[in-house]
There are 2 protein chains.
Amino acid sequence: MGEVAGLLRRAGLRPTTQRRIIVTDLIDRTGTPTALELHALLRDAGHRVGLSTVYRTLGALAEAGVVHTFPRRNEVAFRRCADGPHQHLICLSCGRIEDLAPPQLDAAAGSLAYPAGFTVQGRRTDVYGVCAAC
Amino acid sequence: MGEVAGLLRRAGLRPTTQRRIIVTDLIDRTGTPTALELHALLRDAGHRVGLSTVYRTLGALAEAGVVHTFPRRNEVAFRRCADGPHQHLICLSCGRIEDLAPPQLDAAAGSLAYPAGFTVQGRRTDVYGVCAAC
DNA sequence: ACCACAATTGACAACCGTTATCGGTATCAA
DNA sequence: TTGATACCGATAACGGTTGTCAATTGTGGT
Ligand SMILES: [Mn+2]
Ligand SMILES: [Mn+2]
Ligand SMILES: [Zn+2]
Ligand SMILES: [Zn+2]
């Protein structure tokens with residue numbers, strides 16, 4: 001079983017033709033497209049996937065934690081999520097997103113004291129700024 | 001000039017009657033309502049504010065950094081933003097949100113090394129878990 | 001291989017939170 | 001006070017997302 005099919009299985013999804021197309025694209029792509037944008041990109045690349053399927057698959061992958069969601073104005077963008085703890089570097093000028101996973105991230109986060117009774121299950125940090133290219 | 005009017009002025013907004021009503025409510029409220037929800041809450045409280053004004057005001061306050069936005073499924077919730085750096089504790093069970101501003105937050109964040117050329121302008125950390133009440 | 005059945009797909013319609021319009025009103029500096 | 005300007009709000013329009021459902025596909029058992 002290949003990487004793509006395994007990723008889908010782990011997310012509890014049958015590795016169908018359309019889902020393989022979507023996941024393969026997400027793995028290769030460095031950008032952060034919306035469902036609408038990804039649908040257009042796939043069609044332009046010669047693939048045939050319905051818009052509903054793109055929405056359903058991205059939603060399922062997000063729920064499974066395979067992709068992270070990035071809210072825009074009245075729409076949502078999706079990006080393959082890096083393995084392990086990481087932060088997102090988001091350029092306010094060009095919109096580019098990078099993943100940053102410094103080794104000391106775990107230690108820094110763990111040293112913070114949370115209110116008694118609060119059970120931490122997940123954490124997300126987005127850093128906004130201007131990238132080197134801009 | 002009162003606290004409410006000053007806050008509006010700092011955000012570059014005229015302190016109109018409707019904006020005072022909205023900001024006063026946001027300061028007192030501990031919840032995190034959407035524009036639609038806040039509009040209903042204000043009407044139920046006897047105030048008269050148009051839905052468009054609620055949307056416009058919340059959008060302007062968010063852009064000014066006075067409130068933080070919390071995306072939900074196909075809608076956005078708003079919450080008065082705490083002064084200074086802080087994290088958000090979000091309960092996955094009841095949806096309650098708390099602000100956490102530990103003193104060591106600045107130091108921990110500043111110790112991370114970012115890629116050369118990336119200028120940090122803002123940061124946001126959301127911690128997900130289950131609160132003490134749940 | 002074959003089969004039966006549940007899961008999935010996709011064209012299309014509907015939904016609904018948000019934004020655009022625009023005539024009337026409130027704010028504020030001069 | 002007054003004129004210029006910002007703002008309000010009822011309503012219409014917009015558009016990203018979700019629901020529908022007949023046709024198709026993936027899968028495990030035979
Ligand atoms: Mn990520
Ligand atoms: Mn906040
Ligand atoms: Zn950039
Ligand atoms: Zn809770």
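Every chain begins its residue count from 1, and numbering advances along the sequence as written. Note on labels: chains are lettered from A, ligands numbered from 1, in written order. Per-residue local features are limited, in this predicted model, to residues with pLDDT of at least 70; the limit for side-chain atom pairs, both in listing and counting, is 80 or more; totals at the level of whole chains, interfaces and linings are taken over all residues. Excluded from the side-chain calculations are hydrogens and water; all other atoms, namely the structure's heavy atoms, are used.

You'll find chain A entered in an unreviewed UniProt entry as Transcriptional repressor, with Cellulomonas fimi given as the organism. Quoted straight from UniProt, the Sequence similarities (unreviewed entry) entry for chain A says "Belongs to the Fur family." UniProt positions are given in the numbering used here, feature names are shortened, and annotations may be inferred rather than shown by experiment.

Engineer: Explain the overall build of chain A residue by residue, including any values.
Structural biologist: Where helices and strands are cited, they refer to DSSP runs of H or I of at least four residues and of E of at least two residues respectively, numbered from the N terminus. If you tally the helices and strands in chain A, you get five helices and five strands. Each principal axis of the C-alpha atoms in chain A carries an extent, and together these give about 50 × 40 × 30 Å. Within chain A, one finds 16 positive and 12 negative side-chain charges whose respective centroids are separated by 7 Å. His residues and chain termini do not enter the charge count, which takes Lys and Arg as positive and Asp and Glu as negative. For this purpose, a charge sits on NZ of Lys, CZ of Arg, CG of Asp or CD of Glu.

Engineer: Run through the side chain of B:Asp25, naming residues and quoting values.
Structural biologist: Among the secondary structure elements, B:Asp25 is positioned in helix H2 (residues 17–28). Residues within four places of B:Asp25 in sequence aside, it is in contact with B:Leu38 and B:Leu42. Contacts are assigned to residue pairs with any non-hydrogen atoms lying within 4.5 Å of each other.

Engineer: Give a detailed account of the protein's contact with DNA strand D, specifying residues and quantitative values.
Structural biologist: A:Arg9, A:Tyr55, B:Thr16, B:Thr53 and B:Arg56 are the nearest of the 22 residues found near DNA strand D. When atoms of DNA strand D within 4 Å of the protein are split into backbone and base, the sugar-phosphate part holds 76%. In the analysis that follows, any N or O atom pair within 3.5 Å is treated as a polar contact, provided that within protein one partner can donate a hydrogen and the other can accept it, and provided that, for residues neighboring in sequence, both atoms belong to side chains. Between A:Val76 and DNA strand D, the recorded distance is 3.1 Å, taken from a backbone N or O atom to a phosphate oxygen. Between DNA strand D and the protein, one listed contact pairs a phosphate oxygen with a backbone N or O atom of B:Arg48 at 3.5 Å. Element by element, the count of residues in the surface near DNA strand D is highest for helix H4 (residues 51–63) of chain B, at three residues. Residue polarity is assigned by list, with Asp, Glu, Lys and Arg as charged and Ala, Val, Leu, Ile, Met, Phe, Trp, Tyr, Cys and Pro as nonpolar; anything else, Gly included, falls into the polar class. The class makeup of the residues in the surface near DNA strand D is five nonpolar, nine polar and eight charged. Here a residue is near a molecule or strand as soon as one of its heavy atoms is found within 4 Å of it.

Engineer: Residues and numbers for the coordination of the zinc ion (ligand 4), please.
Structural biologist: A metal bound by six donors in octahedral fashion has ideal angles of 90 or 180 degrees, whereas one bound by four tetrahedral donors has an ideal angle of 109.5 degrees. Residue and element names in this part refer to chain B. Coordination sphere of the zinc ion (ligand 4), protein contribution only: Cys91 (SG), Cys94 (SG), Cys131 (SG) and Cys134 (SG), at 2.2 to 2.4 Å. Each of the four donor atoms around the zinc ion (ligand 4) contributes to a set of angles spanning 104 to 116 degrees, which defines the coordination as tetrahedral. The sequence motif formed by the donor residues of the zinc ion (ligand 4) is C-x2-C-x36-C-x2-C. Separated by 40 residues along the polypeptide, cysteine 91 in strand S3 (residues 87–91) and cysteine 131 in the segment after strand S5 (119–130) bring together distant segments of the chain. Coordination partners: N, O, S within 2.8 Å of the metal, 3.2 Å for Na, K and Ca; water not considered, so apparent gaps in a site are possible. Square planar and octahedral assignments, for four and six donors respectively, both demand that opposite donors be over 155 degrees apart and that all other angles lie between 65 and 115; tetrahedral needs four donors with all angles between 85 and 135 degrees, and anything else is irregular.

Engineer: Hey, could you go over the packing of helix H2 (residues 17–28) of chain A against helix H4 (residues 51–63) of chain A for me, with residue numbers and the actual values?
Structural biologist: Residues and elements named next belong to chain A. Contact geometry of H2 with H4 gives a least axis separation of 10 Å together with a crossing angle of 60 degrees. Between H2 and H4 lies a crossing whose hand is right-handed. Counted together, Gln18, Arg19, Ile22, Val23 and Leu26 of H2 and Thr53, Val54, Thr57, Leu58 and Leu61 of H4 form the full contact between these two elements. Of the residues in the contact of H2 with H4, the class split is six nonpolar, three polar and one charged. Helix axes use the C-alpha atoms of the stretch in contact, all axes being lines fitted to C-alpha atoms, and the angles between their N-to-C directions lie in the range 0 to 180 degrees. Note: crossing handedness is left-handed where the near helix turns anticlockwise from the far helix by less than a right angle, and right-handed where it turns clockwise.

Engineer: Explain the relation of the copies chain B and chain A to me, and be specific about the residues and the numbers.
Structural biologist: The copies were overlaid by least squares, fitting only the C-alpha atoms of residues that reach a pLDDT of 70 or more in each copy. You can overlay chain B on chain A at an RMSD of 0.1 Å; the transform is a turn of 180 degrees with a shift of 0.0 Å along its axis. What the superposition gives is, in effect, a two-fold axis relating one chain to the other. Distance from the rotation axis, computed per C-alpha, reaches its smallest value in chain B at B:Thr125: 2.1 Å. Mapped onto chain A, 100% of the interface residues of chain B are again interface residues, and the two copies thus contact each other with one and the same surface.

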